[in-house]
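If you want the building blocks of each chain, they are given just below.
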Amino acid sequence: MEVSENLRVLMNDPQLLPELKDIAEKVLHHQRISFDEGVLLYEKAELGYLGVLANYIREQKHGDKTYFNRNFHIEPTNLCVYDCKFCSYSRLLKQRSDGWEYTMEEMLDIVKKYDDQPVTEVHIVGGVLPQYDVPFYSELFTRIKQHRPDLHVKALTPVEYHYIFKKAKIDYATGMKMMKDAGLESIPGGGAEIFHPEVRDLIAKDKCTGDQWLDIHEEWHKLGMRSNATMLYGHIEKYWHRVDHMERLRQLQDRTGGFQTFIPLKFRNQDNQMSNVPESTVIEDLRNYAIARIYLDNFDHIKAYWAMISRTTAQLSLNFGVDDIDGTLDDTTKIYSMAGAEEQTPAMSTQELVELIKNIGRHPIERDTLYNVVTDYKDHLFEETAKPNYYKLPVIN
Ligand code: SF4
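Per chain, the residues get numbers from 1 upward, laid out in the order the sequence is written. Side-chain atom pairs in this predicted model are given and counted only at pLDDT of 80 or more, local residue features only at pLDDT of at least 70, and totals for whole chains, interfaces and linings cover all residues. By convention in this description, side-chain values take in all heavy atoms of the structure and omit both hydrogens and water.

Caption draft 1: Up close: the sheet that holds strand β11 (residues 373-376). Should DSSP find at least two bridges between two strands, the strands are taken to pair. For helices the rule is a DSSP run of H or I covering at least 4 residues; for strands it is a run of E covering at least 2, with both sets numbered from the N terminus onward. In space, the four strands of this open sheet follow the order β9-β1-β10-β11, with mixed pairing throughout. What marks the edges here is a single partner per strand, and that holds for β9 (324-327) and β11. The mean inter-strand angle of the sheet, taken between neighbouring strand axes irrespective of direction, is 30 degrees. Sheet topology places strand β10 (residues 363-367) next to β11; three bridges connect them, and they run antiparallel. Across the sheet, Ile365 pairs through a bridge with Asp376, a residue of β11. Contacts are residue-level and defined by heavy atoms, with any inter-residue pair within 4.5 Å sufficient. Where helices are involved, their axes are fitted lines through C-alpha atoms of the stretch in contact, as for all axes, and angles between N-to-C directions lie from 0 to 180°. Contacts between helix α16 (residues 350-358) and the sheet are confined to β1 (65-69), β9 and β10, with β1 contributing the most and set at about 160 degrees to the helix.

Below you can see the structure in the form of structure tokens.
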């Protein structure tokens, strides 16, 4: 059955609330939904309904194509001057002796470890410490690009940029231009959490505000550059805070068109100051992906970090609006595992990622950071079956 046919069947359901039917009509006709309709989806819409709408949009935009990349992370430090309540890197939880603080040479050694591997991206993000300042990161980006010009440098969030620019007494526009000149090519989506101060002040008080986060991305986009955006959900926020967060992103995207991907990040409650807050269910995670896909009509991609939500939920998410499941990672990130993610040593071979996508009938595409196709795996056969081979799921099509 055609995906749009699914949508028509759903709209003919006599039990469907009229206001949900109106939203389905809008989706079918490629119209934007309002703030209130976004909240209504969170409050009233069931998973099956959301999946039909989100999958319709996903397949209109990308068909079965499902993206991943080959990347590795560098986390300069797991110590931080800030004290975000949801974070297992925060200063209250860590003694300096428990942590690592990589030097420039140590970070360059990590890059060199990948010299003979076909990775396309280094993703650099971690805690905030005073020694990592504008001169340090400028030199780091420059030396990475000198060593390996084809490696895309995706690095730091507005949390770090706000801190280092303030220390250097330079404005955001000047600072982002300096970073671009040093070799920075895109900025990841982190540090966004929940923009609304009612929530942000309780969970991430001291670091950059929501407006500052958005201003830094806007300056970056004005340079003709691309970035991503995240939302940390499933803790103390209300549904309308999530919609407010996405609304601010949608408005900035209307102005600049610089965002590529929206990445909902599930709050995890291990080893942080919010361990008493229960985590969201998988059903809620899937609903959230789907609503993001429906709300953010001007974002090309919705991404699920497989390392954060587990491989099986990542597979499921591909039917709820997600078209990208991130990268091979090569066990180079501790951010997810320290917060309690299922994957404690996250790494997947390209073959495993491809088969994970193919096993649910989607079309795997290895992309670079800017979504250029590196390899189309639709008809590609590997010499051996990947081990372990992931299970087929009873996925709704
Ligand atoms: S979330 Fe980021 S800014 Fe906040 S404590 Fe953790 S590493 Fe620092």
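Caption draft 2: Here's a closer look at the confidence of the model for the chain. For the chain, mean pLDDT is 91; residues scoring 70 or higher make up 90% of the total. What pLDDT expresses is the predictor's confidence in each residue, scored from 0 to 100. Note that residues 389-397 has pLDDT below 50 and, in this model, 19 contacts with residues that lie over four places away or in other chains.

Caption draft 3: Region of the structure containing empty space enclosed by the protein. Any residue with an atom within 4 Å of a point lines the site, the site being either a cavity, points on a 1 Å grid over the protein atoms alone where a 1.4 Å probe fits but cannot get out, or a pocket, an open set with protein on both sides within 12 Å along at least 5 of 7 lines. Grid points are joined across faces, edges and corners, and a volume is the space filled by probe spheres set on the points. Scanning the entire structure with this criterion turns up two cavities of 30 Å³ or more. In this structure, the second largest cavity spans a volume of roughly 30 Å³. Along its surface, the second largest cavity is lined by Glu121, Lys154, Asn228, Gln260, Thr261, Lys303, Arg367, Thr369 and Tyr371. Grouping the amino acids of the lining of the second largest cavity by side-chain chemistry returns one nonpolar, four polar and four charged. Just so you know the grouping, Ala, Val, Leu, Ile, Met, Phe, Trp, Tyr, Cys and Pro go in nonpolar, Asp, Glu, Lys and Arg go in charged, and all remaining residues, Gly too, go in polar.

Caption draft 4: Looking closely at the packing of helix α6 (residues 134-147) against helix α7 (residues 158-168). At a closest axis distance of 9 Å, the pairing of α6 and α7 adopts a crossing angle of 120 degrees. When the interaxial angle is binned, α6 and α7 end up oblique. Residues Val134, Tyr137 and Phe141 of α6 pack against Tyr161, Ile164, Phe165 and Ala168 of α7. A breakdown of the residues in the contact of α6 with α7 according to their chemical character gives seven nonpolar, no polar and no charged. Should an angle fall under 35 degrees it is taken as roughly parallel, and over 145 as roughly antiparallel, whereas 65 to 115 is taken as roughly perpendicular and any remaining angle as oblique.

Caption draft 5: Inspection of unusual backbone geometry at higher detail. One non-glycine residue, His30, adopts positive backbone phi at about 60 degrees. Summarising the element assignment, His30 is placed in the loop between α2 (18-28) and α3 (35-44). The backbone of Tyr371 shows a phi angle near 70 degrees, a positive value even though the residue is not glycine.

Caption draft 6: Examining the pattern of salt bridges more closely. Just to be clear on terms, a salt bridge is a Lys or Arg side-chain nitrogen sitting within 4 Å of an Asp or Glu carboxyl oxygen. For the structure on display, the rule yields 27 salt bridges. One salt bridge in this structure joins Arg250 and Glu247, with 3.1 Å as the shortest N-O distance. Here Glu247 and Arg250 lie together in helix α11 (residues 239-256), a separation of three residues that amounts to about one turn. When sorted by exposure, Arg250 lands in the same class as Glu247, which is buried. With a shortest N-O distance of 3.2 Å, Asp326 and Lys303 are connected by a salt bridge. Here the residue Asp326 occupies a position in strand β9, and Lys303 occupies one in the loop between β8 (301-302) and α13 (306-309), the gap between them amounting to 23 residues. Residues Asp326 and Lys303 agree in their burial class; the two are buried. Exposure classes here rest on a 1.4 Å probe applied to the protein chains alone. A residue is buried below 20% of its type maximum, exposed above 50%, and partly exposed in between.

Caption draft 7: The arrangement of the UniProt feature "binding site: [4Fe-4S] cluster" (unreviewed entry) in the chain in detail. In this numbering, the UniProt entry assigns the feature "binding site: [4Fe-4S] cluster" (unreviewed entry) to Cys80, Cys84 and Cys87. Looking at the element boundaries, Cys80 is found in the loop between β2 (71-74) and α5 (104-113). You can call Cys80 buried: its relative accessible area is 14%. Structurally, Cys84 is set in the loop between β2 and α5. UniProt positions are given in the numbering used here, feature names are shortened, and annotations may be inferred rather than shown by experiment.

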